Each structure stands twice: as structure tokens, then as C-alpha cells.
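# Observations on the three-dimensional arrangement
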Amino acid sequence: MTAATLQFVETPDGPFAILADETDRVIISGWTADTDAVLARLRPDRRPAQVREGQTSAADAVRAYYAGDVGAIDSVTVAQRGTPLQLAGWQALRAITPGAPLTYTGFATALGSPTAVRAAASICARNAVALFVPCHRVLRGDGTMGGFAWGTRVKESLLARESAA
């Protein structure tokens, strides 16, 4: 990739970074104002040669999500690279209904492998486009938050927002 656009959107959960490729597909997103933290989510060989700040179409979806339209993120185009299982998992995450989170076991079952709980957790952990691929909608078997790359406070906030919608 030769160039990418970086945009920061202010949200109630803190600054939200969006890195989009030349065709405006989101390749990295998350709650940070640190450009280096955004780029660190990409393997060095996949980092853009040039990053410029600018506008992304995904920013409007983030604003709409935080204004109460939790489905606004569903139409954002993302570009992720991974194994066939990861790609299937990231697609399955987008199918989880807002306000109806799954457990890791439930997510593994949705992938067709109920015993592959560790693989399901790994799919969530390797998700680089947080919010748009809503890995925050997967919880531990006992209903607790579990991990989240951007902090459990953000995860709790997102789940509360979606439950209220």
C-alpha cells in the first residue's frame, strides 16, 4: 500500500482513529489519538509508505453510531487480511445483533466449531478494525467482559450503548 488516510473522531469514549486505504476501506480503527499506536496494529510489511490526515467516509458512521444509530457501522467497508478462518470469523462478528452479545463459546458455535473457543478468542484479538467488526460483542462464558484491545471501559460503554438502542 502506498498511501493511507488517517482521521480522528471525537467520541464519548475518547478519540477514535480511522486509517483507510486508497479506496477508503478501513484497515485499522480504535480508540486512540496516537498515530504510532494505530500503525503498530499493522505488520511492518503492510504499513502504508505515506499517511496523511484527511477525511474518511467511515467517520460519518462513527458519529451516527454514537448519536444512537448503532447499525450505522454495518455498511462501512473494511479490508482485513487473514486466514480463511479469521476472515470467516470477522464476517461472523458483523452478524452479531447489537445488544445481544455472544460468549466465546457461542461465537465458536456460530463459526461451526463449538470446541474452538481459543480460536474464536484469537479471531477477536486479531481484529484490527474495532467497532466496524464488533468484536466487543463477544464475552467470557460467565458474562464478564474479557479482554479488549482498547480497554474494558470502552467495551462496557459500547455494549451499554447497544443495549439501550
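Along each chain, residues carry numbers from 1 onward, in the same order as the chain's sequence is written. Where local features are concerned, this predicted model is filtered to residues with pLDDT of at least 70; where side-chain atom pairs are given and counted, the filter is 80 or more; whole-chain, interface and lining totals use all residues. Water and hydrogen atoms play no part in the side-chain values, which are based on all heavy atoms of the structure.

### Regarding the nonpolar core
As used here, the term nonpolar core means buried Ala, Val, Leu, Ile, Met, Phe, Trp, Tyr and Cys residues forming a set that is joined through side-chain atoms within 4.5 Å. Throughout, exposure labels follow a simple rule: accessible area from a 1.4 Å probe, protein chains only, divided by the maximum for the residue type, with under 20% read as buried, over 50% as exposed, and the rest as partly exposed. Ile18, Trp31, Leu93 and Phe132 are the most contacted members of the largest nonpolar core, which has 36 residues in total. Helix and strand assignments follow DSSP, with helices taken as H or I runs no shorter than four residues and strands as E runs no shorter than two, numbered in order from the N terminus. Mapped by element, the contributors of at least two residues to this core are strand 2 (14-20), helix 2 (58-66), helix 3 (84-93), helix 4 (104-110), helix 5 (117-125) and helix 6 (152-164). With six residues, the single largest contributor to this core is helix 2.

### Points about the packing of aromatic side chains
Under the pairing criterion, centres of Phe, Tyr and Trp rings, with the six-membered ring standing for Trp, must be within 6.5 Å; the plane angle then separates stacked pairs below 30 degrees from edge-to-face pairs above 60, leaving the rest tilted. Throughout the structure, instances matching the rule amount to four aromatic pairs. Ring geometry for Phe16 versus Phe132: centroids 5.9 Å apart, planes at 75°, classification edge-to-face. You can see Phe16 sitting in strand 2 and its partner Phe132 sitting in the loop between helix 5 and strand 6 (138-139), a full 116 residues away along the chain. For Phe132, a relative accessible area of 1% gives the class buried. Ring-pair connections join several aromatic residues into one group, and the members of that group are Phe16, Trp31, Phe132 and Phe148.

### Notes on the pattern of salt bridges
Each reported salt bridge corresponds to a side-chain nitrogen of Lys or Arg within 4 Å of a carboxyl oxygen of Asp or Glu. Under the criterion given, the structure shown has five salt bridges. For Arg153, the salt bridge identified is with Asp13, shortest N-O distance 3.9 Å. Highlighted residues: Arg153 in helix 6 and Asp13 in the loop between strand 1 (3-11) and strand 2, separated in sequence by 140 residues. A salt bridge links Arg137 to Glu162; the nearest nitrogen and oxygen atoms lie 2.9 Å apart.

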